[in-house]
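Structure at a glance
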Amino acid sequence: MNSGNDAGQGLLEARLASLVVVGLGIVALVGATQVGPGAGYVAVGPVVMPTIIGLGLFGLGMLLLVRATVRPDLDLARRVAAEAAASEWRTPGLTLGALVAYAAALGPVGYILATSAFLPIAASILGSRRPVRDLIVAVVLSVVVFIGFTEFLGVRLPAGLLDPILP
Amino acid sequence: MDVLTSLAGGFATALQPEYLLFAAAGVTLGTLIGVLPGIGPALTVALLLPLTYSFDATGAFIMFAGIYYGGMYGGSTTSILLNTPGESASIVTTIEGFQMAKAGRGGPALATAAIGSFVAATISTVAITFFAPVVAQAALAFQPADYFALMVVAFVSVSALVGRSLLRGATSLFVGLLIGVIGIDVLTGQARLTFGVTELLDGLDIVVVAVGLFAVGEALSVAARLRREQAEVIAVKGRAWMSRDDFRRSWPAWIRGALIGFPLGSLPAGGAEIPTFLSYNLEKRLSKHPEEFGTGAIEGVAGPEAANNAAFSGVLVPLLTLGLPTSATAAIMLAAFQVYNLQPGPLLFQNSPELVWALIASLYIGNVMLLALNLPLIRVWIKILEIPRPLLYSGILVFATLGVYSAANSLIDVLFMYGIGVLGFFMRRLDFPVGPVVLGVILGPLLEAQFRRAMSISQGDLSVFVTRPLSAVILTFAVAVVIVPYLPRIIARLRGRRSPEGRLVFGEDD
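Residues numbered from 1 in each chain as written. Chains lettered and ligands numbered in written order. Predicted model: local features only at pLDDT ≥ 70, side-chain atom pairs only at ≥ 80, totals over all residues. Heavy atoms only, no water.

It is worth spelling out the overall build of chain A at this point. Each helix and strand in chain A was counted, giving six helices and zero strands. Relative to the compact-globule value of 15 Å for 167 residues, chain A shows a C-alpha radius of gyration of 24 Å, a clear excess of over 25%. For the C-alpha atoms alone, the extent of chain A along its principal axes is close to 65 × 60 × 20 Å. Going through the 167 residues of chain A one by one, you find that 43% of them count as buried. Across chain A, every contact between residues at least 6 apart in sequence was considered, and the portion connecting residues at least 24 apart equals 63%. Of the side-chain charges in chain A, 10 are positive and 9 negative, and the distance between the mean point of each set is 5 Å. (Helix = DSSP H or I, 4+ residues; strand = E, 2+ residues; numbered from the N terminus. Rg over C-alpha atoms; globule rule 2.2 N^0.38 Å. Buried < 20%, exposed > 50% of the residue type's maximum accessible area, 1.4 Å probe, protein only. Contact = heavy atoms within 4.5 Å. Lys, Arg positive; Asp, Glu negative; His and termini not counted. Charge placed at Lys NZ, Arg CZ, Asp CG, Glu CD.)

Before going further, it helps to examine the interface of chain A and chain B. Counting from both sides, the interface comprises 73 residues of chain A and, opposite them, 62 residues of chain B. Taking both sides of the interface into account, the surface hidden between chain A and chain B amounts to around 5,800 Å²; carbon and sulfur atoms contribute 75%. For the pair chain A and chain B, the number of links is one salt bridge. Joining chain A to chain B, the criterion identifies seven residue pairs in polar contact (both at pLDDT 80 or more). Within the residue set of the side of chain A that touches chain B, elements represented by two or more residues are helix H1 (4–33), helix H2 (48–69), helix H3 (74–85), helix H4 (90–109), helix H5 (111–125) and helix H6 (131–153) of chain A. At 11 residues, H4 of chain A tops the list of elements feeding residues into the side of chain A that touches chain B. Here the residues of the side of chain A that touches chain B are counted per class, giving 50 nonpolar, 14 polar and nine charged. (Buried area = accessible area lost by both parts, 1.4 Å probe. Salt bridge = Lys/Arg side-chain N within 4 Å of Asp/Glu carboxyl O. Polar contact = N/O pair within 3.5 Å; in protein donor to acceptor, adjacent residues only side chain to side chain. Nonpolar A, V, L, I, M, F, W, Y, C, P; charged D, E, K, R; others polar.)

Moving on: the nonpolar core. The biggest cluster of nonpolar side chains holds 212 residues, and the ones touching the most others in it are Tyr 111 of chain A together with Val 211, Ile 332, Met 417, Val 438 and Phe 465 of chain B. Those residues in contact with Val 438 of chain B, other than ones at most four positions away along the chain, are Ile 206, Ala 210, Leu 213, Phe 214, Ala 328, Ala 331 and Ile 332 of chain B. Of all hydrophobic cores here, the second largest spans five residues; its members include Leu 11, Ala 14, Leu 74 and Ala 77 of chain A. (Core = buried A, V, L, I, M, F, W, Y, C linked by side-chain atoms within 4.5 Å.)

Note on aromatic pairs: each is described by the distance of the centres and the angle between the planes. All names here are of chain B. For the structure shown, the criterion picks out 19 aromatic pairs over all chains. With centroids separated by 5.3 Å and ring planes inclined at 40°, the aromatic side chains of Phe 148 and Phe 451 adopt a geometry described as tilted. Of this pair, Phe 148 sits in helix H7 (residues 144–161) while Phe 451 sits in helix H19 (residues 435–457), and the two are 303 residues apart along the sequence. Here Phe 148 falls in the buried class, since its relative accessible area comes to 13%. On the basis of relative accessible area, Phe 451 is assigned to the buried category, the value being 16%. Aromatic ring contacts, followed pair by pair, group Phe 61, Phe 64, Phe 337 and Tyr 340 into a single cluster. The ring of Phe 432 is capped by Arg 168, whose NZ or CZ atom sits 4.3 Å from the centre of that ring. (Phe/Tyr/Trp six-rings, centres within 6.5 Å; stacked < 30°, edge-to-face > 60°. Lys NZ or Arg CZ within 6 Å of the ring centre and 35° of its normal.)

Our next topic: the packing of helix H3 (residues 41–48) of chain B against helix H9 (residues 206–225) of chain B. Residues and elements named next belong to chain B. At their nearest, the axes of H3 and H9 sit 9 Å apart, and the two run at 135° to each other. If you check the angle between H3 and H9, you find them oblique. Every pair of crossing elements has a handedness; the one defined by H3 and H9 is left-handed. Of H9, the residues touching H3 (which contributes Ala 42, Leu 43, Ala 46 and Leu 47) are Val 207, Ala 210, Val 211, Phe 214 and Ala 215. Here the contact of H3 with H9 is built from residues that sort into nine nonpolar, no polar and no charged. (Axes fitted to C-alpha atoms, helices over the stretch in contact; angles between N-to-C directions. Parallel < 35°, antiparallel > 145°, perpendicular 65-115°, else oblique. Left-handed = near helix turned anticlockwise from the far one by under 90°.)

Residue and element names in this part refer to chain B. Mean pLDDT over chain B works out to 85, with 93% of the residues at or above the 70 mark. Element-level pLDDT for chain B is lowest in helix H22 (residues 487–494), with a mean of 74, against a maximum mean of 93 in helix H18 (residues 411–429). Ignoring residues within four places in sequence, the model shows residues 499–510, a span with pLDDT below 50, making 42 contacts including any to other chains. Across the predicted assembly, pTM comes out at 0.87 and ipTM at 0.91. (pLDDT = per-residue confidence, 0-100.)

Okay, empty space enclosed by the protein next. Left-over empty space is what a probe sized like a water molecule reveals as it rolls over the atoms. Residues and elements named next belong to chain B. Overall, the coordinates contain three cavities of 30 Å³ or more when judged by the stated rule. Approximately 50 Å³ is the volume attributed to the second largest cavity. Around the second largest cavity sit Tyr 73, Ser 76, Thr 77, Leu 110, Ala 113, Ala 114, Asn 374 and Ile 378, which together line it. Sorting the residues of the lining of the second largest cavity by element identifies helix H4 (57–82) and helix H6 (106–139) as the ones contributing at least two each. (1 Å grid on protein atoms, 1.4 Å probe; cavity = no way out; pocket = protein on both sides within 12 Å on 5 of 7 lines; lining within 4 Å. Points joined across faces, edges and corners; volume = space filled by probe spheres on them.)

Okay, helix H21 (residues 469–483) of chain B next. Taking 1.5 Å as the rise per residue, H21 of chain B with 15 residues should run 21 Å; its terminal C-alpha atoms sit 21 Å apart, in good agreement. For H21 of chain B, the full list of buried residues reads Ser 471, Ala 472, Ile 474, Leu 475, Ala 478 and Val 481 of chain B. (Expected span 1.5 Å × (residues − 1).)

Residue and element names in this part refer to chain B. As for its placement among the helices and strands, Gly 66 is situated in helix H4. Here Gly 66 falls in the buried class, since its relative accessible area comes to 5%. With 258 residues separating them in the primary sequence, Gly 66 and Leu 324 have C-alpha atoms 20 Å apart. In contact with Gly 66, other than residues within four places in its own chain, are Gly 26 and Val 27.

Once that is clear, we can look at unusual backbone geometry. Peptide bonds are mostly trans, and most non-glycine residues show a negative phi. Residues and elements named next belong to chain B. Phi at Phe 195 is positive, roughly 50°, even though this residue is not glycine. Looking at the element boundaries, Phe 195 is found in the loop between strand E2 (191–192) and H9. The residue Asn 341 is not glycine, and still its phi comes out positive at about 60°.

Another aspect to go through is the pattern of salt bridges. When their charged atoms lie close together, side chains carrying opposite charge are able to pair. All chains considered together, the criterion is met by 13 salt bridges over all chains. Between Glu 13 of chain A and Arg 429 of chain B there is a salt bridge, and its shortest N-O distance comes to 2.8 Å. Here Glu 13 of chain A is found in helix H1, whereas its partner Arg 429 of chain B is found in helix H18 on a different chain.

Residues and elements named next belong to chain B. The interhelical angle for the contact between helix H2 (residues 17–34) and H4, taken along N-to-C directions, is 30°, at an axis separation of 6 Å. Classified by the interaxial angle, the pair formed by H2 and H4 is roughly parallel. Judged by the twist between their axes, the crossing of H2 over H4 is right-handed. For the pair H2 and H4, contact is made by Tyr 19, Phe 22, Ala 23, Gly 26, Val 27, Leu 29, Gly 30, Thr 31 and Gly 34 and by Thr 58, Gly 59, Ile 62, Met 63, Gly 66, Ile 67, Gly 70, Gly 71, Gly 74, Gly 75 and Thr 78, respectively. Grouping the amino acids of the contact of H2 with H4 by side-chain chemistry returns eight nonpolar, 12 polar and no charged.

Here is the structure:
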C-alpha cells in the first residue's frame, strides 16, 4: 500500500465514475415514471424494462462506489492514475471541438470544403508538422469520397458552396 | 433439401461475376480498414455498413462476409507488427507475434497467421455448412422463454468473461441496455426515455453507438496520449513465408486452434477471447520448445490466430440460426440484417435459402481471396502502418463522420455519435470494456421482446422460465458461467489454503 498517493487520483476518478453510473440509474428510473401505460392489455408493460435497467444501474453504481471507497481496488486505481499521468486534456478537447465544428459545417459549407479544412486542422492538433501534405491528402480524399458516394453509391452528400461547379 | 445441393446453389449465386466483385471489394476494404491500428472488425463492419445500403441484400451480405473475414486478417497484422491488437481476440497474438517481429521473424509470423486463419476459417466454414442447418431445424422448437434464457446466457457471459471485472462488464452492459431502450416502444407505442427530444423517438442507431464508441472514443483516447508516446512499426525483412521447420511446427497448432475455436465460438456464450487464450496455453504445454514461449514461439501465433478465426466463424452459427449475436461484431451484423428487413433465426433458412447459402458460399470464396491478398501482397498492407498517426486518426474521424452522416443525412445523429465517443473515451480511461455496450444496445430490445412474448403466453406467470426444461437448463448454464471463473478461489478456500489472487480472466475489452 506504499503507493497510495499515485492511486489517490485514480480512486477519485473511479468514485466519480460510480456516481455517474448511479446518476444514469436515477435518470432511467425518472424516465420510467414518465412512460405512459399504453392502451390495451399487455402482460409486461413498457415501464418494466426501463425500471429494471434503472435499478440495475443504481445498484451497480453503488457497488462500484463501495469498490472504490471501502475496499479500494488499488490495482485499478494505479492503472487509472498511470493513464491520467500519461494523458492530457487539451488535445482531446481541441479534437472534439474541431469535430463538432466540422459536423456543423458539413451542410452549409459542403462535404469537400469542410473535410478539406477539418483534416489538416485535426492532424495539426494531433501533432502533425506538415500542413501542406495534410491539405493535399484532405483535398484528394474528400473529392474522391464525394464523387464515389454521389456517382457510384447513390448516397447524397452536401455540395454546399461548391454546388454550382460540382456535377 | 440436401446440404450439398443447397451449397452448390449458393456457389452458383456467389460465383456470378457481379457477386465475385462484391466479395473482392469486401475482403479488400475489410483488410484495408482492419489493418489500421486500433481498429478491430467491429468498427470495420460498422464503418462500412452504410456503404452497402444501395446494394441488393445478397450483394450486401456477400460483401459483408468479406469485410468480416478481411477485418480479422488485417487485425493480426497490427498485432504482430505494432503490438496493437485491434480487438480483444487478437491480444494473445501479440504475445508471441510481436516478439517474433522484433527478432526479425515478422515474415514467418505474418505467414503463419495468414495461412492459419485460412485453414481454420475453411474448417469452420465446412462446419457451418453442415452444422447450421441442423441447429436451425432444432431451433424451430424454441419458445420465447428459451430465447430469453439464451440471451441471458449471452449477457452473463459477456459481462463475466470479458474484461477484468464482472462488476465493470455488467455496468457496461447496462449502459448499453439503457441506450437500447430509448425511443418508441414497439408494442405499446409509448415513448421511453426520450425526455421530449423528438430526434430520440426512433432510438439511437447501432451504427451511431458502435462508431462513436470504437472510432471517436479510440481517437480521443489516442489524442490524449499521442504527444507522450511513440509507437514503433517493425520492418519486415525477407518474404512473408515460412521455412519447412516453421511449417512443421505450425500446422498441428492450426488444426488444434480451429478445433478449440469453432465449438466455443458457436456456443451462445461465444466470443473469440476464451478460445485464443485456451489455444495459447495448450500450445505452450504441448510444445517441444517451451523455452521459446515469451520470446517468439511460432506455435503461439499459429494456434491462437487459428482459434480466433474459427471462433469468429463459429459466432455466425448462433447469429444465423438463432438471431443471437454473441460479440460486438455480430451485433452489428445483426443490425445489417435488420436494415434489409431480414430476421436471422430458424426461419431465415426456410424463407431466404438463396441468401443464406450464397452467404455461406461466399465465406469459402472470401477465404481464398484473402489468402491471395495477404501472402503476396502483405507488403502493401504494411505500408498502411506507416501512415503518420496524426493523419491516420484525423482520417478515422473523417470516415466515422461520413459513415454516420451518409446513413441518414442527419447532423443530430453525428452529434449523438460524438457524445457517445466522449462516453467511450471515459470508459477506456476508467477501464470499462466497451464491447458489452454494443451488445446491450442490440440485444436489449430483443430480450425484452422475447420476455414479453413468453409472459403473454404464460399469462403473466414468471415461473414459465424455470418450468420449461429447456429454458431451465439454459438458465442454469448462465449461473454456471458466473461461478466458474471464481472456482479456483472457492476450491482453494474450501481446502483451507490461502486464496489465489482474483479470478480467472480471459480477455480485455473489444
